[in-house]
Number of protein chains: 2
Amino acid sequence: MRSKQAFQPGWCEIPPGKNTYRSIFKWGASDKFRHPTHNLYTLLKDRLGMTDADFKERLHTGDQTVKLDRPPALNHAHIEALREMVGDENASTSDYDRVKYSFGKSAYEAFQLREGNVGQVTDLVLHPRHRQDVINIVAYCHRHTIPMVPYGGGSSVTLGLRPTRPGVVVVLQTHMHRILSFNEENQTITVESGILGPDYEHALNHAPEMFGAKYAYTAGHFPQSFEHSTVGGWIATFGSGQQSSYYGDVGDLVMSQDMVTPTGAIQTLAYPATATGPSINEMLKGTEGTFGVTVSATLKIFKHLPQNRKRFSFMFPNWRNTVQAARSIYQGEFGRPSVFRISDPEETDIAMKLYGIEASSLDKFMSFRGYVSGQRCLLIGQADGDQSYTKTIKRNVMKHCRRYKGMYLSGLPVKKWERHRFADPYLREDLNDFGVVIDTLETAIPWDGLHNLYEAVRVTLRIHPQTAIMTHASHFYPQGTNLYFIFITHRRNIKNYLQFLHQIIACIHAHGGSLSHHHGVGRLMAPWMETHLGKKSLDLLRAIKTHLDPHAIMNPGGTLGLEPTGTDRFP
Amino acid sequence: MRSKQAFQPGWCEIPPGKNTYRSIFKWGASDKFRHPTHNLYTLLKDRLGMTDADFKERLHTGDQTVKLDRPPALNHAHIEALREMVGDENASTSDYDRVKYSFGKSAYEAFQLREGNVGQVTDLVLHPRHRQDVINIVAYCHRHTIPMVPYGGGSSVTLGLRPTRPGVVVVLQTHMHRILSFNEENQTITVESGILGPDYEHALNHAPEMFGAKYAYTAGHFPQSFEHSTVGGWIATFGSGQQSSYYGDVGDLVMSQDMVTPTGAIQTLAYPATATGPSINEMLKGTEGTFGVTVSATLKIFKHLPQNRKRFSFMFPNWRNTVQAARSIYQGEFGRPSVFRISDPEETDIAMKLYGIEASSLDKFMSFRGYVSGQRCLLIGQADGDQSYTKTIKRNVMKHCRRYKGMYLSGLPVKKWERHRFADPYLREDLNDFGVVIDTLETAIPWDGLHNLYEAVRVTLRIHPQTAIMTHASHFYPQGTNLYFIFITHRRNIKNYLQFLHQIIACIHAHGGSLSHHHGVGRLMAPWMETHLGKKSLDLLRAIKTHLDPHAIMNPGGTLGLEPTGTDRFP
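### Examining the relation of the copies chain A and chain B
Note on the identical chains: chain A maps onto chain B by a rotation of 180° and an axial translation of 0.0 Å, with an RMSD of 0.0 Å. Here the transformation between the copies is reduced to the relation of a two-fold axis. The fraction of interface residues of chain A whose copies in chain B are also interface residues reaches 100%, indicating that both copies meet through the same surface.

Written as structure tokens, this is what we have:
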């Protein structure tokens, strides 16, 4: 029973002030908030050993106006030459813009901004109007060896956007968000790289009105950052969406690109498949701004058939059964669900609280049947496609889940999840305000390494007292899946916090996980790249880098591990 | 009615003599033959304006013993050093071996061998026993700048195996055909690159006996060369199998590789997906021996479920309807048939003859219904996977085909096709013996370019009198398909024949086709690579080549267009 007088923390409901640090680190729309529910708040206090008293005063709120203590370091003549290229209104050296466009959205960066401790920032922010602007800027910077960071939606969580030397940032989302062509016969679309997820999806959903198409389409790509990330950013980080298990990752979706590199533009060919040597298109995916600026891309699209969607959810008695069910489904040769997410016991318990199932009669029934809190695991999923296909999938999913003692819970939990699928990151500011950190790390893993890696990361995290950790897998393949770790802990100082992250990354690396399934490497995972991929592989990436960017101007300073970096050399 | 006294050409039924040229160019097993049926023979005479008299004497049969007029050009000390590495029994400088391992299986190469006009051949044939042998050989050749061609099954049809300078050939199929590991949990297998298709598939089909697996598996990869090509060769040429429309091409199937390059071995990581920079694994596919020698690879495998297979075939009134049906099926979001092949009117007519349908009551019924010879087109296909999935697919295929006036013809034609799916190349020797050439070129094309390209190639071929051309598409994607041209014509001299091929390649290139969908580039398509991919793209491939193989020893002489070549500089 929730007391009517229960204490309510003073969650912030005021949009950040203009030109404040808070306006930079706040996730998403400035006037949109999502607060922890009472259940979640209670749970947090319990797990983190906190009391209402800890939630009385908001700290390091970042409400101060951005103020830099130094002018741009870049030579004035360069600034003027570049400003002239794009026009006055598309070039800025204001303190605010220099800070804003030098940061991504990682928890660590939010700390830096809350403390007004911004370190290296860019000198000049440029908003190119079209491909030719990008060509001119890149050529100029190449000629004069001026470092450059391409910036899409700014939602990097890998320190991938942090400048390490004086230079410029090139912002693609401002002007370069046009749809260049739509081809219904080939089921492809060509867009400028700065288009944001919702605009891209909206155009496809409205293809009949917008392009005179016969059908409506979908991109099939819905990363959690969907609302605040760009097509170019998806390609640069090798992104995956929440329906990737059917529609595919960037590796599957992007057919061709037009990338402006310091040594010229590379335009790849949009064939459905081809045997004309190693794929140049693949070489330009996941480059995280280190090879050049992707100005446009051609992507596969899919018929938009929301009316055929089939949702399902199950409770399993334990984590091992849940993983087995997921594996047998994705190895089942009957098609693949699009949304598919399995939560470990800890995430399941929190989901039960958030969805209001805990302590309900359903909960009692589940416990009675042996699905007990602390062991039971939730699976939610959805099938997309033709109606005959989604029906076949749901029927098979039921069959496979029953085999591993999955108890059917209807499609409702999926709908609940759907409602907030892009909103979870909004919780962060509230928690941060009271010294609580919520952060994530993620990895890919073949099936046979999953349990070992899962346990190892949890052991590493349990060393830290009063830390909650939730794990799920949400991208599935016949050969394996990803593991996504969400941890909630007390705020430490910045240096200690980085060490904390490094421990987890080192653990993932040591236990056979990929350094990233879909967030990318950036500067956060970079120090492990050489031992992870192997020196010969990294040398190959470096050779390509040297060929395309001989003066090393593109997103320099360690991204992808292309330049040697230690864990002590973070931006 | 076939007369009992009908003339029968003297098709050769004698296995080629030991050490003869014929034993090199003959397709497949030496004691296996497949002769043109009477119907096909009659058709050929008609189309090519030939008479029985033209089929009386076999010409240029290549029955003479291989005899080279020159000793190995490679320095004796090098030959001895390399021989010592692998042991006497695994090194050969015999005339026969030098010729045998310097040739692939293209029609052009068969001409050269029939005439005993072999041009440049290798000096030394090496059969490495294991990875370490390959490492030693590559390191030695790198140190001494000795050209090297890796040789898998020898079924290249792109002049991809022809040496252009004195050097060595490294044959992978002799010893390096071991299965290194089998992983049922991950549904992957790791094999040495020299394993031949049937051995690979046999092991997977018998996984319960061979590896104690719970299920039987399939590779899902069945190129026409299946019986005589290796896993390494598939990867080197970016191959596709006849069931690729469901199981995927090499691009989808190969998860990781171990490639020995002149600057060291690169081992890529077998994750189901990963966001750790551009994919090194992708960079090492389709390299056609120019970057290094793939010694092993990890591939995806699939449950082997032949009991669930559903076959279907349809007749369509014309080519446009057939293409429309195929497109709507692969854009239908209900899963994908594995085998899928649509034949143009000419190929359909020949299939009708071969399958004995022509002039039958079924034929009369079809003609009556408006499916007339010269316009009607055949579709054959098959679904693989779980039973619920194959049923769903077949039901949907029926629906989509009906929409475009497809008349259902049962699954029998698929079974007929299946029986000979790997045997068609055996026809070649018989035709060649009487001065008739049968050859193929193939390309990938997005849907919106298909008809234009199809017509253009036919116009180009019609310039040549008495040439039969058949076209089909057999690899399908939502974004497009391939076009596979089979042409039968009179033998010309070698130079004229190359010019003939060049005309067709130039036509494909000019009309938007890819230079290859799944045969690869080799030296045949190489002269078009730079204009096809664009100079910047080819320069990128060249930079990688220079990094991995700085002395340019790996399959040198123009393969993939990495070195400039004109159409006049063929091996």
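### Quick word on the pattern of salt bridges
Residues and elements named next belong to chain A. Tallied over the entire structure, the rule returns 52 salt bridges over all chains. Among the salt bridges present, the one from Arg22 reaches Asp433, with a minimum N-O distance of 2.9 Å. Of this pair, Arg22 sits in helix α1 (residues 21–25) while Asp433 sits in helix α18 (residues 427–433), and the two are 411 residues apart along the sequence. Judged by relative accessible area, which is 3%, Arg22 ranks as buried.

### Let's talk about the packing of aromatic side chains
All names here are of chain A. Following the criterion strictly, the structure yields 51 aromatic pairs over all chains and no others. Aromatic side chains Phe340 and Phe476 sit 5.0 Å apart centroid to centroid with 80° between the ring planes, which places their arrangement in the edge-to-face category. Of this pair, Phe340 sits in strand β13 (residues 339–343) while Phe476 sits in strand β18 (residues 476–477), and the two are 136 residues apart along the sequence. Residues Phe340 and Phe476 agree in their burial class; the two are buried. Among the aromatic residues, those joined into a ring-pair cluster are Phe312, Phe314, Phe316, Tyr330, Phe340, Tyr408, Trp447 and Phe476. Lys100 extends its terminal NZ or CZ atom over the ring of Tyr101, reaching a point 5.3 Å from the ring centre.

### Side note on the sheet that holds strand β4 (residues 168–171) of chain A
Across a sheet, paired strands are connected by hydrogen bonds in the backbone, their directions being either parallel or antiparallel. Residues and elements named next belong to chain A. Ordered by their spatial adjacency, four strands build an open sheet running β1-β2-β4-β3, and the pairing between neighbours is mixed. Edge positions in the open sheet fall to β1 (91–92) and β3 (148–151), since each of these has one partner strand only. Pairing analysis gives two bridges linking β1 to strand β2 (residues 124–126), with the strands arranged antiparallel. Note on β2: the bridge partner recorded for Ala91 is Leu126.

### Comments concerning unusual backbone geometry
A positive phi angle, near 60°, is found at Glu333(A), a position not held by glycine. Note on placement: Glu333(A) falls in the loop between α13 (319–330) and β13.

### Overview of the side chain of Thr158(A)
Here Thr158(A) lies in the loop between β3 and β4. The contacts of Thr158(A), once residues within four sequence positions are left out, are His519(A), Gly520(A), Val521(A), Gly522(A), Arg523(A), Leu524(A) and Met525(A).

### Overview of the sheet that holds strand β9 (residues 264–267) of chain B
All names here are of chain B. Taken in spatial order, the five strands make up an open sheet running β5-β6-β10-β8-β9, and their pairing is antiparallel. Looking at the sheet topology across the chains shown, the edges are occupied by β5 (179–183) and β9. Strand after strand, the sheet turns through a mean of 10° between neighbouring axes, direction not considered. The strands touched by helix α6 (residues 131–144) within the sheet are β8 (254–261), β9 and β10 (293–300), with β8 carrying the most contacts at an inclination of about 45°.

Thresholds, definitions, all that
Residues numbered from 1 in each chain as written. Chains lettered and ligands numbered in written order. Predicted model: local features only at pLDDT ≥ 70, side-chain atom pairs only at ≥ 80, totals over all residues. Heavy atoms only, no water. Least-squares fit on C-alpha atoms with pLDDT ≥ 70 in both. Contact = heavy atoms within 4.5 Å. Salt bridge = Lys/Arg side-chain N within 4 Å of Asp/Glu carboxyl O. Helix = DSSP H or I, 4+ residues; strand = E, 2+ residues; numbered from the N terminus. Buried < 20%, exposed > 50% of the residue type's maximum accessible area, 1.4 Å probe, protein only. Phe/Tyr/Trp six-rings, centres within 6.5 Å; stacked < 30°, edge-to-face > 60°. Lys NZ or Arg CZ within 6 Å of the ring centre and 35° of its normal. Pairing = 2+ DSSP bridges. Axes fitted to C-alpha atoms, helices over the stretch in contact; angles between N-to-C directions.

Shape descriptors only; they carry no functional weight alone.
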